[in-house]
Amino acid sequence: MKKICIYGASSNHIDDVYVKAAFQTGKLIVTKGYGLVCGGGRGGLMAAAIEGALSAGGHTTGVLPAFMIEKGWHHPGLSETIVTDDMHSRKLTMATRSQAVIALPGGVGTLEELMEIITWRQLKLYSGRVVILNTEGYYDPLLEMFRMMKDKGFMREGSGSLWITASEPEEAIDYAISIK
């Protein structure tokens, strides 16, 4: 089964607009015929995406390092749980099991995952689409930073093709599944 990877916040202290978008994204992944792969967390936007996918009868794969399982940070409803040795192996496993990535809003962990997968695309280590779901303009400052990096010569011409920006879950899924 083809899968789409979701990156997103694990915090539960998030405005409901982001939670609803995450739930809808998870649900749409399934209704478009894909499975969901993610960090498998029990809270925040990760949990909302998992619950959205499960509500549509979909398959959810959570990838977590052993220490997170030991702390009980995994979502109890996952269809499949993959345990890794460390965070790097977690990210590699999520990438190798997906045909596309959608980054929901999140904190430093989400930002780190997004930067790494964009770098992997640039180095041709990942060929799937990378979609930034810019709910309520959340990623506007980052997108402005990318523009400045390009304008000042820190990013190559054409680097903007390494990711696609979407405003709504439906748009993000459409971009993600329009794989080359």
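Quick caveat: nothing in here was measured; it's all calculated off a predicted structure. (Residues numbered from 1 in each chain as written. Predicted model: local features only at pLDDT ≥ 70, side-chain atom pairs only at ≥ 80, totals over all residues. Heavy atoms only, no water.)

Can you walk me through unusual backbone geometry in this structure?
Note: most residues except glycine have negative phi, and most peptide bonds are trans. Look at lysine 124: it is not a glycine, yet its phi comes out positive at around 65°. Structurally, the position occupied by lysine 124 is in the loop between α5 (108–122) and β6 (129–133). (Helix = DSSP H or I, 4+ residues; strand = E, 2+ residues; numbered from the N terminus.)

Looking at this model, I keep getting lost on the nonpolar core. Mind explaining?
Note on soluble globular proteins: their nonpolar side chains tend to be buried together. Membership of the largest hydrophobic core comes to 28 residues, with the highest contact counts inside it found for Ile4, Ile6, Ile29, Leu36, Ile102 and Leu104. Elements supplying a minimum of two residues to this core: β1 (3–7), α1 (16–31), β2 (35–38), α2 (44–55), β5 (100–103), β6 and α7 (169–177). For isoleucine 102, the contacting residues outside a window of four places in its chain are Ile4, Cys5, Ile6, Tyr7, Thr25, Val131, Leu133, Ala172, Ile173 and Ala176. Among the nonpolar cores identified, the runner-up in size contains 23 residues, and Met94, Ile118, Trp120 and Trp163 belong to it. (Core = buried A, V, L, I, M, F, W, Y, C linked by side-chain atoms within 4.5 Å. Buried < 20%, exposed > 50% of the residue type's maximum accessible area, 1.4 Å probe, protein only. Contact = heavy atoms within 4.5 Å.)

Looking at this model, I keep getting lost on the packing of helix α4 (residues 87–96) against α5. Mind explaining?
Relative orientation of the contacting elements α4 and α5 amounts to 55°, with a least axis distance of 11 Å. Between α4 and α5, the crossing angle belongs to the class labelled oblique. Of the two possible hands of crossing, α4 and α5 adopt the one that is right-handed. Judged by residue contacts, His88, Lys91, Leu92, Met94 and Ala95 of α4 engage Glu112, Glu113, Glu116, Ile117 and Trp120 from α5. Among the residues making up the contact of α4 with α5, the classes are represented as five nonpolar, one polar and four charged. (Axes fitted to C-alpha atoms, helices over the stretch in contact; angles between N-to-C directions. Parallel < 35°, antiparallel > 145°, perpendicular 65-115°, else oblique. Left-handed = near helix turned anticlockwise from the far one by under 90°. Nonpolar A, V, L, I, M, F, W, Y, C, P; charged D, E, K, R; others polar.)

For this particular structure, what's the right way to read the environment of glutamate 171?
As for its placement among the helices and strands, glutamate 171 is situated in helix α7. Placed 38 residues apart in sequence, glutamate 171 and leucine 133 show a C-alpha to C-alpha distance of 8.6 Å. Ignoring anything within four residues of it in the chain, the contact list for glutamate 171 reads Thr165 and Ala166. A polar side-chain atom of glutamate 171 sits 2.7 Å from the main-chain amide nitrogen of serine 167. (Polar contact = N/O pair within 3.5 Å; in protein donor to acceptor, adjacent residues only side chain to side chain.)

I would appreciate a short explanation of the pairing of strand β3 (residues 60–65) in the present structure.
Looking along a regular strand, one sees side chains alternate from face to face of the sheet. In terms of residue burial, β3 counts as a mostly covered element, since six of its six residues are buried. Residues Thr60, Gly62 and Leu64 line one face of β3 and the alternating positions Thr61, Val63 and Pro65 line the opposite face, and both faces are buried. The handedness of the β2 to β3 crossover, carried by α2, is right-handed. Taken together, the five bridges between β3 and strand β4 (residues 80–84) define a ladder with parallel strand orientation. Following the sheet pairing, proline 65 is matched in β4 by threonine 84. (Right-handed = clockwise from strand over helix to strand, strands pointing away. Pairing = 2+ DSSP bridges.)

I'm lost on the pairing of β6 in this one. Help?
Where burial is concerned, most of β6 is hidden: five out of the five residues are buried. Across four bridges, the pairing between β5 and β6 is parallel. Note that in β6 the partner of isoleucine 102 across the bridge is valine 131. As judged from the three bridges shared by β6 and strand β7 (residues 164–166), these two strands associate in the parallel manner. By the bridge assignment for β7, leucine 133 is matched with alanine 166. Assessed by its sense of winding, the connection that carries the chain from β6 through helix α6 (residues 140–151) to β7 is right-handed.

Would you mind showing me how to read the sheet that holds β2 here?
Each strand in a sheet pairs with its neighbour through backbone hydrogen bonds, running either in the same direction (parallel) or in the opposite one (antiparallel). Pairing in this open sheet of seven strands is parallel, and the strands run β4-β3-β2-β1-β5-β6-β7 from one edge to the other. Every other strand in the sheet has two partners, leaving β4 and β7 as the edge strands with one partner each. The sheet shows a mean angle of 25° between the axes of neighbouring strands, direction not considered. Across four bridges, the pairing between β1 and β2 is parallel.

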